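Spelled out from the first residue to the last, the chains are:
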Amino acid sequence: MSPWKKLSRNMRPGVLVLLAVLLAGAVAAQAAKEKYFDRSGTLVVIETPAAELLRAYEVKNLPPGETFPVPPPPFSEGIFPCSDCHAEMTPNLERRQLTDEHTDIILNHAEGQRWCLDCHNPEDRDTLRLVSGEVIGFDESYRLCGQCHGDKYRDWRQGLHGKRTGYWNGDKQYLLCAHCHNPHDPRFKPLTPMPPPQRPGEIRR
Amino acid sequence: MSDKKKRDAKVFQLTRRKALKGLAAGASVLALPSRDAAASVWDAFFQKHFRRMTKSDLERVLARLEREYSSEFSQEVKVGATPPIEGVKYGYGLDLSRCIGCRRCVYGCVEENNQSRDPQIHWIRVVRLKKEKGTDLHYAEHYYNPNQVPEPGHFYMPIQCQQCEKPPCTKVCPVQATWTEKDGIVVVDYNWCIGCRYCMAACPYGARHFNWAKPQIPNESLNPQTHYLGNRPRPVGVVEKCTFCIQRTRQQPGRYPACLEACPVGARKFGNLLDPESEIRKLIENKRVYLLKEELNTQPKFFYFF
């Protein structure tokens, strides 16, 4: 006698439903997986595709869990607070080349894609504004830079990018990005090298 | 006056009184060099190997050296012998993609570690390499002197003592004047070194340097905070090398080496290899690391990364 016939008559629909559910689940699971063949022809199945991960990831620029001991930002002489001049002015949100003031600032930092008020807060010029709309002080400017330069920001937090002074097993002193990179022209400027070592022939006998 | 009496008046005649007088005068002349100086020469001659000194031996030696250096450089010079910190092994990292070859580290090191200005000794040698040739040292140039660095098509690699885990230099020393400390620093006892320079021949990095003449350091540029195994003034005829600034890094809390503080681009990293949270461990875990002459199995604790 076959196993199917062994089952009592009233159990049969239940088993059918169970099988259907299992089949549907398997199909659904198959759909959620991403499959492709790699170069050697092996089938690769990814349980959760990247796109799904991205959807699950909340796009936020969270404040860092720890604070970093940074020195005061390197403002040009007499420029800060900006509100000394800007408090009485109405912000002009139109993208334009500045002709009256700040003409010494030449933007050499993805200049085609941004202008002043993408980083400077139009409502309060003494602060900066992240893409998320969060307002931060100049002493937290590394978060602003970290919006685009995430890899550098990660390295900087671990002390791998940028100079750290202080103690190797004690308090450390960080530098803001702007201490080494001019935010409007960030490429590190060339330096004059110190003198080369003496050649053996030049050494006093 | 008889002939005999005349002769006696002209000829020197030794009497017991005269002999005693002479002896006393001679003894006092012998005693003339100050007690300290005579003792100093004696002490230096019979000084033990650094690792065989008792605590009181060491204290006496340090006090003697402080006295000698202080009078030589007419300022107060401190000579310490801070022992290694428990649970610490030092490691160094250098970012090859950041270094611009400005040689600030070379001169920062000279100032900190009291290297001879004349004849010139540099513990750090910055080598310029061709980007298209990579780290092929056949194309290395260390006398480069352009107006501005970095130069296009080149990158720079500062080379100093790699503080090897298996140092070839200490193996060849016939008198064991150089050894690896517990914290991984390879040091030299300048009072024990006989100047045979075997270690210089053994070192594949050219990191050891010989004092061919008495090192000349202007009094005002001497760094008076010194360590017995590190930056104390060296005598002529001994070998010296980078010690990861032993006089700074063994302090509590430990300062960074002088070359790291001198670097304007932040290419230099330093920390404890045994601490998983240290910068050096983070970079070894997350960056591409290059060991200089890895094939020699010297196992450097100096990690180039990019």
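Residues numbered from 1 in each chain as written. Chains lettered and ligands numbered in written order. Predicted model: local features only at pLDDT ≥ 70, side-chain atom pairs only at ≥ 80, totals over all residues.

Turning to the overall build of chain A, a few remarks are in order. Helix and strand content of chain A: seven helices and six strands. Its helices and strands in sequence order give chain A the pattern α-α-β-β-α-α-β-β-α-α-β-β-α, from N to C terminus. Taking contacts inside chain A between residues at least 6 apart in sequence as the whole, the part at least 24 apart equals 49%. (Helix = DSSP H or I, 4+ residues; strand = E, 2+ residues; numbered from the N terminus. Contact = placed C-beta atoms within 7 Å.)

Here the focus is the overall build of chain B. Counting its secondary structure elements, chain B contains 10 helices and 12 strands. Here the C-alpha radius of gyration of chain B, 26 Å, is well above what a compact globule of 306 residues would show, namely 19 Å. Principal-axis analysis of the C-alpha atoms gives chain B an extent of 110 × 45 × 35 Å. Per-residue burial for chain B yields a buried fraction of 39% across its 306 residues. Contacts spanning at least 24 positions in sequence make up 65% of the contacts within chain B whose residues lie at least 6 apart. (Rg over C-alpha atoms; globule rule 2.2 N^0.38 Å. Buried ≥ 20, exposed ≤ 12 C-beta atoms within 10 Å, placed from the backbone.)

This brings us to the interface of chain A and chain B. Each partner contributes to the interface: chain A provides 22 residues, whereas chain B provides 37 residues. Its residues assigned to classes, the side of chain A that touches chain B shows 11 nonpolar, eight polar and three charged. (Nonpolar A, V, L, I, M, F, W, Y, C, P; charged D, E, K, R; others polar.)

Residues and elements named next belong to chain B. Compared with an ideal rise of 1.5 Å per residue, which puts 18 residues at 26 Å, helix 4 (residues 55-72) spans 26 Å between its outermost C-alpha atoms and is within 8% of the ideal. If you check which residues of helix 4 are buried, you get Val 61, Leu 65 and Tyr 69. Angularly, the buried residues of helix 4 cover 60° about the axis, an arc narrow enough to put them on a single face. Across from the buried face of helix 4, at angles greater than 90 degrees, the exposed residues are Lys 55, Ser 56, Glu 59, Ala 63 and Ser 71. Buried-residue contacts for helix 4 involve strand 1 (78-80). Just past helix 4, the residue Ser 74 takes up positive phi, approximately 40°. (Expected span 1.5 Å × (residues − 1). Arc of directions from axis to C-beta.)

Time to look at the sheet that holds strand 10 (residues 268-272) of chain B. All names here are of chain B. One open sheet accounts for four strands, arranged 10-2-12-11; its pairing is mixed. Two strands bound the open sheet, and with one partner strand each, they are strand 10 and strand 11 (289-290). Across the sheet, helix 10 (residues 279-286) is in contact with strand 2 (90-95), strand 10, strand 11 and strand 12 (302-305); its angle to strand 10 comes to roughly 110°. (Pairing = 2+ DSSP bridges. Axes fitted to C-alpha atoms, helices over the stretch in contact; angles between N-to-C directions.)

This part takes up the environment of B:Ile246. Residue and element names in this part refer to chain B. With respect to the secondary-structure elements, Ile 246 resides in helix 8 (residues 246-249). Remark: the alpha-carbon pair of Ile 246 and Arg 268, spanning 22 residues in sequence, is separated by 17 Å. Setting aside residues up to four positions removed in sequence, Ile 246 forms contacts with Ile 185, Val 187, His 227, Leu 229 and Gly 230.

Residue A:Pro81 is bonded to the preceding A:Phe80 through a cis peptide linkage, with omega at 0°. In this model, B:Val149 is joined to B:Pro150 through a cis peptide bond whose omega is 0°. Looking at the secondary structure, you find B:Pro150 in the loop between strand 3 (125-130) and strand 4 (154-159). In this structure, B:Lys293 takes a positive phi of about 50° despite not being glycine. Assignment of secondary structure puts B:Lys293 in the loop between strand 11 and strand 12.

With that settled, consider the nonpolar core. B:Cys105, B:Cys109, B:Ile124, B:Phe244 and B:Cys259 are the most contacted members of the largest nonpolar core, which totals 65 residues. If we skip the residues at most four places from it in the chain, B:Cys109 touches B:Trp123, B:Ile124, B:Ala258 and B:Cys259. (Core = buried A, V, L, I, M, F, W, Y, C linked by C-beta atoms within 7 Å.)

Looking now at the environment of B:Arg103. As for its placement among the helices and strands, B:Arg103 is situated in the loop between strand 2 and helix 5 (104-113). As for B:Arg103 and B:Asp275, which are separated by 172 residues in sequence, their C-alpha atoms are 30 Å apart. In contact with B:Arg103, other than residues within four places in its own chain, are A:Pro193, A:Met194 and B:Val126.

We now examine the confidence of the model for chain A. Here chain A averages 80 in pLDDT, while 73% of its residues score no lower than 70. Note on residues 53-62 of chain A: pLDDT is under 50 here. Beyond four places in sequence and across chains, it has six contacts. (pLDDT = per-residue confidence, 0-100.)

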